[in-house]
Protein chains: 4
Amino acid sequence: MSKIRVAVLGATGMIGQRFVQMLEGHPYFEIEGLYASDRSDGKKLKDVLKVRDFEYKNETLDMKMETMDLKKIAKNARVAFSGLPSDLAGKTESDLAEGGIAVFSNAGAHRMDKDVSILIPEVNPSHLDSVKDQATYGNGGYIVTNANCSTTGIAPPLAAVRDAYGLDFVSVSTYQALSGAGYPGVPSLDAVGNVIPFIGGEEEKMEAEIVKILGTYEDRSFNYAKFRMLANCARVPVIDGHLESLVIKMDDTPSVEELIRTLSSYKGEPQSLKLPSAPVQPIIVRTENNRPQPALDSMAGSPERARGMSVVAGRIRKSDEYYKLFVLSHNTMRGGAGGSLLNAELAKAKKLL
Amino acid sequence: MSKIRVAVLGATGMIGQRFVQMLEGHPYFEIEGLYASDRSDGKKLKDVLKVRDFEYKNETLDMKMETMDLKKIAKNARVAFSGLPSDLAGKTESDLAEGGIAVFSNAGAHRMDKDVSILIPEVNPSHLDSVKDQATYGNGGYIVTNANCSTTGIAPPLAAVRDAYGLDFVSVSTYQALSGAGYPGVPSLDAVGNVIPFIGGEEEKMEAEIVKILGTYEDRSFNYAKFRMLANCARVPVIDGHLESLVIKMDDTPSVEELIRTLSSYKGEPQSLKLPSAPVQPIIVRTENNRPQPALDSMAGSPERARGMSVVAGRIRKSDEYYKLFVLSHNTMRGGAGGSLLNAELAKAKKLL
Amino acid sequence: MSKIRVAVLGATGMIGQRFVQMLEGHPYFEIEGLYASDRSDGKKLKDVLKVRDFEYKNETLDMKMETMDLKKIAKNARVAFSGLPSDLAGKTESDLAEGGIAVFSNAGAHRMDKDVSILIPEVNPSHLDSVKDQATYGNGGYIVTNANCSTTGIAPPLAAVRDAYGLDFVSVSTYQALSGAGYPGVPSLDAVGNVIPFIGGEEEKMEAEIVKILGTYEDRSFNYAKFRMLANCARVPVIDGHLESLVIKMDDTPSVEELIRTLSSYKGEPQSLKLPSAPVQPIIVRTENNRPQPALDSMAGSPERARGMSVVAGRIRKSDEYYKLFVLSHNTMRGGAGGSLLNAELAKAKKLL
Amino acid sequence: MSKIRVAVLGATGMIGQRFVQMLEGHPYFEIEGLYASDRSDGKKLKDVLKVRDFEYKNETLDMKMETMDLKKIAKNARVAFSGLPSDLAGKTESDLAEGGIAVFSNAGAHRMDKDVSILIPEVNPSHLDSVKDQATYGNGGYIVTNANCSTTGIAPPLAAVRDAYGLDFVSVSTYQALSGAGYPGVPSLDAVGNVIPFIGGEEEKMEAEIVKILGTYEDRSFNYAKFRMLANCARVPVIDGHLESLVIKMDDTPSVEELIRTLSSYKGEPQSLKLPSAPVQPIIVRTENNRPQPALDSMAGSPERARGMSVVAGRIRKSDEYYKLFVLSHNTMRGGAGGSLLNAELAKAKKLL
């Protein structure tokens, strides 16, 4: 069976290059083209490489950037993976959907649209149905987004506890990696030996997205979940991996051991469907007293194709009716390209591709 | 008037060296001796210097370390500033108090003793009375401690809001600097490009100390304040300055502007007594959207002698009945040596020295 | 006596802000205006502050940026300190000189001009005479440059050994700080946990400038010194302070002790003239086995006004006819704003202002 | 054919854990036991894990540390890979050799012994003959060392140019990674935002080892190569990967292009024997203007089993008769465990195992 042809948009950026990495040898998809801005036209991937820790195949490194050409993409590809900056993503992604392309986007532009889902396949697979209500669906075009990178890390644990115990109150403080700001991103004079307690728009995104993700899609509209959500976001001098501290109050008060079991055993459709990029365990709980750490745990996830796709939780503590824990997720893998790739894999399994 | 002679204990460590820095040219105190472990005996301060950012006078740099000698200290000094590690501090500080020495300690050993105060002069000056109830007081000896470094940063803001609005709920997540772990402390292989979500005993200390500090001392006993306190502590690759995110619920719901005024105008006895190390403003509120930052704001505080003694707050936001903000304090100045020095200045003003 | 009025060009940059810092309370100079690009017009210094480690006076922090206005500068100022980027500096500085302004520049644009000196007052004070041969001198206008920041650190030690022993061969490898690249400069994704073995044009500058600096100015022309100079330049994740390893071969072969004496006792006209920013010791030699270090030694220099103006040398070793050592200098103080300020102080002492 | 059983000594350290990583699934060797100090006895590898960037198999992570037991090793293993600290390595390795064990050591203790080679298989494979002259050889026991990590990075390029053009003068300055100091190694308070221009004994090792490596072994003795070698060593805040700047003078003066060809095409016995850990290219030359970088190039090397085994050179420049370049090598792979593993593979190919 021939593979589905996909375009990668924003291929000179951190997210775009993670898409390329994860698409190497993918069983469903093959790259039709790498698209970037005019000034990178004709450059090879190896000439604009920014991601530190992985090995591309030589033939991948020699792939060339092309200027964005919606007609070419509409003609040659079925899917677009978008790592575009938000200001470009809004119109470009809409145009592609109108051209009959299924767009799986990491950009924030369409996340809060009334007929676009913020999809995390383990958490809210039924939200994918919203694509059928998009105006462009008749032509085969639609838009699916992944969540903001720091929202992604907390969504599976919060869904797991909500399902088991109800959810009442969440306070999160983030320790976010530099790669989340893209390239060139944060100047080194601000980052080295420092913490910056501000990431533009991030707290608002977290507070808005999580209740949409944990809500329902019924009768062509999203109903938001109801619990208190408070976010404090900060940037730390780490390359990859968003660490987040969580304080949670639930309706029930399970023991710590029970909570660990609930998180560790959390599974969803990607696991039952055995999607290629689905980790065996969406949430890995570490019981050492000093984990998870970005340097050691960001790439957690198995099998090989799901590296960087597990959320790692640790230091689960109970204080009367409150629970405290830390969670870590790879912000450009599970929280970026990997999230959208898993969305596309679910769409294929659901016959939407 | 001759100056009060003081011994500095643990003078090869990060806190001990900050004591020495802040005592240079001090109007009340003069150094009688620098004490450290046997293996540093006879070494000059300049040979064991660890603090990065300040200039000692040459005569100070040439001061020599001595082996701890309780009898010599008891004979020659009236005050001991203790930067000892906790395991040594317990017995040594008790022995010094028995020898008639007023001990101002940065160590945790005696903080939770039933007749020892955790003193922050702006916040709980009346707690200093507890020294009169210590068994050694008749000989002139007693122990006063400062708070743990991460507790120190939140105590003045919490006291300010408690006084004005009542206090119900506090959740804090810390971004703590490497100097808080002492020297050699955290291995660079763990610290560089990483966050470690664990600091042994720190969360317990924060949760226990803050309610003692914000409580009362009456009838020879401490009554603890009653509000919910939840702490998540993590270490970040920053040299000096603990940043902390706070979520607070109070009994009242002031506007953000009102809250800023309350924090900015907070003052206490050190300010009215014009103690030498007292900052004009115990809490400085910055209104830029990306402050406070450890690299820019740790040394805040004026006059010159009070550098590093102000807590800096910022990013104050309101979310219904909850308030979110970041606070920053210098962990080895206000949160370490400077805290104990200010305690001693208060003791002198109260005729306890 | 009234002070000389000076304009600071490029006041939003790292060098410009060091000029402002060093000019606070200066005995010769007072700031007439801070100039920057249009987009900073009207902003206060405190709103564009980038330098981490110093305290401005409040009145300085409230100074406002103005758009560059050559006529205003020519009318109101006698001196311009230029922290402009090189592409702007060429024409702007020439125009100012034509307008009768004495320009002391940190930019590279005019350094290799045939009638412009690269002045390091301890090393080549006679080169200042070149201003009299500049076409604009009749109107009072002229240009004097300081050396590239990494050249500055090696010039005094090389001058000292050249004077004492002759100089034959120099190989230098640099460990350069991030502030040398300006702001925003190096992206944090490139800098954190990494070394970048390339700084555009830096090696060529070092090799060209050092032989001009160590040469002579006679009969209206510069005669370059003759020795082999080889440079390898790299950027390390340090905020301030360029460390450089040196291998030197001289005509003579002094003992290490003799060489230390020669370096430590090196002095020049700034010291004999007691210029305000002149360090008592232009070269400080440390004899510990692990110094100089950027974090500990960049700000070396006394008196107070000369902090950051000494070069610190250490680890001096002899290997037959070769000598190995490390030198450190503060790249935006001695190697930047401080260098040009000292040049202006020499000019005043020579009645050129 | 059954695999050769090997003991890993020092398995809690950075080098020991790289041995374990590289031995997973190795075609020649299988691990007989992991040995460490008493205090780690019984701990699993996953409980003492220090290496950041790789994935062990679960069965490997569950392997347990044992207390060093020479008799057990002598009985059950044929080979010992030693990642011991130097002070322990001297006697332990000698005892093992006497017990009939072939010891491949990363420690410095025996490197300069008169009958022990510092083996780099591409460079000096004939030195392996020295084992036959060791007193213990009759029992099957012998010692082979790899070079110091910073020596390893320059040896292949220097061998390549020596072979092609003769070698006269080498000056090297190092930018060494933190993992080279082991664990806990360098305190983070010294490392973050700093460079330390001193590594105890390192310069002496580099200067002594390189001439032994590039010399000959004839008539039971090592004859040292004759060229000038000067080293300046410094530690930078990088986790893995030693960068080194080189200045070289050779007898001939090839063009830069010719030199690139010489380095790129350099091969040795590991390549012709197709040893499992031999990289296809011992030296990879990158022609971009800002490479090699530790963050991007330390893990260079193919096939998969040879990752981290190539030296990467770049920025090759010519200045009359001098050549300047940067080289990078992974200090705990090629410069550590991988070096000794390749030595053992060569020994097997030569029927010495």
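Residues numbered from 1 in each chain as written. Chains lettered and ligands numbered in written order. Predicted model: local features only at pLDDT ≥ 70, side-chain atom pairs only at ≥ 80, totals over all residues.

Enquirer: Help me get a handle on the overall build of chain A, residues and values and all.
Expert: The helix and strand tally for chain A stands at eleven helices and 14 strands. Computed over C-alpha atoms, the radius of gyration of chain A comes to 19 Å, within 12% of the 20 Å expected from 2.2 N^0.38 for 353 residues, which places it in the range of a compact globule. For chain A, the spread of C-alpha atoms along the three principal axes comes to 60 × 50 × 35 Å. Classification of the 353 residues of chain A by burial places 58% in the buried group. Long-range pairs, those at least 24 residues apart, make up 74% of the contacts in chain A between residues at least 6 apart in sequence. (Helix = DSSP H or I, 4+ residues; strand = E, 2+ residues; numbered from the N terminus. Rg over C-alpha atoms; globule rule 2.2 N^0.38 Å. Buried ≥ 20, exposed ≤ 12 C-beta atoms within 10 Å, placed from the backbone. Contact = placed C-beta atoms within 7 Å.)

Enquirer: Report on the interface of chain D and chain B, specifying residues and quantitative values.
Expert: Contact residues are listed per partner, giving 15 residues for chain D and 15 residues for chain B. In terms of residue class, the side of chain D that touches chain B is made up of ten nonpolar, four polar and one charged. (Nonpolar A, V, L, I, M, F, W, Y, C, P; charged D, E, K, R; others polar.)

Enquirer: Mind laying out the environment of Cys149(C), listing which residues take part and the relevant values?
Expert: Residues and elements named next belong to chain C. Among the secondary structure elements, cysteine 149 is positioned in helix α5 (residues 149-165). It is 8.9 Å that separates the C-alpha atoms of cysteine 149 and asparagine 106, two residues lying 43 residues apart in sequence. What cysteine 149 contacts, discounting residues up to four positions off in sequence, is Gly180, His242, Asn331, Gly335 and Gly336.

Enquirer: Now, about the relation of the copies chain D and chain B: what can you tell me, with residues and values included?
Expert: Rotating chain D by 180° about the axis while translating it 0.0 Å along that axis superimposes it on chain B, leaving an RMSD of 0.0 Å. Within this description, the copies of the chain are treated as partners about a two-fold rotation axis. Taking the C-alpha atom as reference, chain D places Ser188(D) closest to the rotation axis, 1.9 Å from it. A symmetric contact is evident, with 100% of the interface residues of chain D recurring at the interface of chain B. (Least-squares fit on C-alpha atoms with pLDDT ≥ 70 in both.)

Enquirer: Summarise the sheet that holds strand β2 (residues 29-36) of chain D; cite the residues concerned and give the values.
Expert: Residue and element names in this part refer to chain D. Pairing within the open sheet is parallel, and its six strands lie in the order β3-β2-β1-β4-β5-β6. Bordering the open sheet on either side are β3 (65-67) and β6 (142-145), each of which pairs with just one other strand. Taken over all neighbouring pairs, the strand axes of this sheet differ in orientation by 30° on average, direction set aside. Inspection of the sheet shows strand β4 (residues 79-82) paired to strand β5 (residues 102-105) by four bridges, in the parallel sense. Counterpart to alanine 80 in the pairing with β5 is valine 103. The sheet strands contacting helix α1 (residues 14-23) are β1 (4-9), β2 and β4, and the helix crosses β1 at an angle near 155°. On top of the sheet, helix α11 (residues 333-349) reaches β4, β5 and β6; it is set at about 145° to β5, its chief contact. (Pairing = 2+ DSSP bridges. Axes fitted to C-alpha atoms, helices over the stretch in contact; angles between N-to-C directions.)

Enquirer: For the relation of the copies chain B and chain A, give the residues involved together with the corresponding values.
Expert: Between chain B and chain A, which share one sequence, the superposing operator has a rotation angle of 180° and an axial displacement of 0.0 Å; the RMSD is 0.0 Å. Of the interface residues in chain B, 97% have counterparts in chain A that sit at the interface too, so the contact is made through matching surfaces.

Enquirer: Lay out the domain arrangement of chain A with the relevant residues and their values.
Expert: It is common to give the size of an interface as the accessible area that goes away when the parts come together. Residue and element names in this part refer to chain A. Split into domains, chain A comes out as domain 1 (4-148 + 337-349) and domain 2 (149-330). The partner domain 2 presents 31 residues to the 35 residues of domain 1 that form the contact. Elements represented by at least two residues in the side of domain 1 that touches domain 2 include exactly α1 (14-23) and α11 (333-349). With seven residues, the single largest contributor to the side of domain 1 that touches domain 2 is α11. (Domains from an automatic or database assignment.)

Enquirer: Which residues make up the pairing of strand β14 (residues 322-329) of chain C, and what are the values?
Expert: Residue and element names in this part refer to chain C. β14 sits mainly inside the fold: seven of its eight residues count as buried. In terms of strand pairing, strand β11 (residues 242-249) meets β14 through eight bridges, oriented antiparallel. The partner of isoleucine 248 across the bridge, within β14, is tyrosine 323. As paired elements, strand β13 (residues 311-319) and β14 share six bridges and run antiparallel to each other. Along β14, the bridge assignment pairs valine 312 with leucine 328.

Enquirer: Mind laying out the environment of Ser221(A), listing which residues take part and the relevant values?
Expert: Looking at the element boundaries, Ser221(A) is found in strand β9 (residues 221-223). C-alpha of Ser221(A) to C-alpha of Ser130(A): the two residues are 91 residues apart in sequence and 8.1 Å apart in space.

Enquirer: Give me the lowdown on the sheet that holds strand β2 (residues 29-36) of chain C, citing residues and values where you can.
Expert: Residue and element names in this part refer to chain C. Here six strands make up an open sheet; going across it, the order is β3-β2-β1-β4-β5-β6 and the pairing parallel. One side of each edge strand has no neighbouring strand; the edge strands of this open sheet are β3 (65-67) and β6 (142-145). Strand after strand, the sheet turns through a mean of 30° between neighbouring axes, direction not considered. Two elements, strand β5 (residues 102-105) and β6, share four bridges in a ladder whose sense is parallel. Residue pairing for β6: alanine 102 is matched across the bridge by tyrosine 142. Sitting on the sheet, helix α4 (residues 86-98) touches β4 (79-82), β5 and β6, and the angle it makes with β5 is about 150°. Along the sheet, helix α11 (residues 333-349) makes contact with β4, β5 and β6, crossing β5 at roughly 145°.

Enquirer: Explain unusual backbone geometry to me, and be specific about the residues and the numbers.
Expert: The step from Tyr183(B) to Pro184(B) runs through a cis peptide bond, and the omega angle for that step is 5°. With an omega of 10°, the peptide bond running from Ser302(D) to Pro303(D) counts as cis. Inspection of the secondary structure puts Pro303(D) in the loop between α10 (294-297) and β13 (311-319). Within the chain, Arg315(D) stands out as a residue other than glycine whose phi angle is a positive 50°. With respect to the helices, strands and loops of the structure, Arg315(D) is situated in strand β13.

Enquirer: If you had to explain the interface of chain B and chain A to someone new, which residues and values would you point to?
Expert: Listed per partner, the contact involves 30 residues of chain B and 29 residues of chain A. Elements with a minimum of two residues in the side of chain B that touches chain A: β7 (169-175), β10 (228-232), β11 (242-249), α10 (294-297), β13 (311-319) and β14 (322-329) of chain B. Of the residues assigned to the side of chain B that touches chain A, the class counts are 17 nonpolar, eleven polar and two charged.

Enquirer: Which residues make up helix α5 (residues 149-165) of chain B, and what values do they have?
Expert: Residues and elements named next belong to chain B. Across its 17 residues, α5 extends 25 Å between first and last C-alpha, which sits within 8% of the 24 Å expected from 1.5 Å per residue. Where α5 bends most, the angle comes to about 35°, and this point is alanine 155, followed within four residues by the proline proline 156. Among the 17 residues of α5, 13 are classified as buried, and the element is accordingly described as predominantly covered. Positive phi appears at glycine 166, one or two residues downstream of α5, with a value of about 75°. (Expected span 1.5 Å × (residues − 1). Bend = angle between axes of the 7 residues up to and from the residue.)

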